[in-house]
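An overview of the molecular structure
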Amino acid sequence: MCPPLLFGTGPVVAGLVGPALPAAGLIGFGGTPFAAGSILGGAKGIFSALSFGVQAIGAYSQGQFAQAQAEQQAQIAQFNAKVAENDAIMARQSEQLDNDRTDDLRKRIASSAQTSFTKSNVVINVDTPLAIQERIATDAAEDQFNRTFVADQQVVAARVRAAGDRASAANFRVTGQGAAVSSRLKATGAAFKYGESLLA
């Protein structure tokens, strides 16, 4: 026997309250499956309900997928921002290392020159020996200045890149949230349209 909730019930013996009338089920009327007069409106209503269900599930799934995809892109952008920040740190550390090497090389060259002057009985800190010592110090300072300048540019570029990546991550997350909200609104719209069709 078909469940009355689905197909409704046929006429029964009249009672004290009046004549017996067939009852409507969700997808049938008077015990007959898919008959007009059911709560969902027969076969046409059933297909409308199925269509609504598919639309609602599809809209919701699409929003969830878009939000998950946007979150993944946001995480990639956040990772890129971290890489850029590390690049800035590495540029500064590399500059410091290069400048330390330059300073060490300057000291060794100056010491070697001074030793050579002393062995040759040349008076130090006057005329040519003084010019050589000054040139060694000047060249080292120029090398360090140039290396610091390059490092400064690398640090600024890396920090700008990191800021851009963080902004992209935030934008991806907002876009994903918007997609999720939009999908829920579409599903709600489909529900209202289906409800309207039931009232027609």
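Thresholds applied
Residues numbered from 1 in each chain as written. Predicted model: local features only at pLDDT ≥ 70, side-chain atom pairs only at ≥ 80, totals over all residues. Heavy atoms only, no water. Helix = DSSP H or I, 4+ residues; strand = E, 2+ residues; numbered from the N terminus. Buried < 20%, exposed > 50% of the residue type's maximum accessible area, 1.4 Å probe, protein only. Contact = heavy atoms within 4.5 Å. Salt bridge = Lys/Arg side-chain N within 4 Å of Asp/Glu carboxyl O.

Considerations on the side chain of Arg147
With respect to the element layout, Arg147 can be found in helix α3 (residues 127-199). On the basis of relative accessible area, Arg147 is assigned to the buried category, the value being 16%. Contacts of Arg147, omitting those with residues within four sequence positions, involve Ala91, Ser94, Glu95, Asp98, Asn99 and Gln154.

As for the pattern of salt bridges
Taken as a whole, this structure holds twelve salt bridges when the rule is applied. Among the salt bridges present, the one from Arg166 reaches Glu85, with a minimum N-O distance of 2.3 Å. Of this pair, Arg166 sits in helix α3 while Glu85 sits in helix α2 (residues 42-119); the two residues are 81 residues apart in sequence, bridging distant segments of the chain. Assessed through its relative accessible area of 35%, Arg166 is described here as partly exposed. Under the relative-accessibility criterion, Glu85 is labelled partly exposed at 29%. Here Arg92 and Glu95 are joined by a salt bridge, their closest N and O atoms 2.8 Å apart. In this pair, Arg92 and Glu95 both sit in helix α2, three residues apart, roughly one turn of the helix. Given a relative accessible area of 34%, Arg92 falls into the partly exposed group. Owing to a relative accessible area of 8%, Glu95 belongs among the buried residues under this scheme. Taken together, the salt bridges that share partners define one network made up of Lys82, Glu85 and Arg166.

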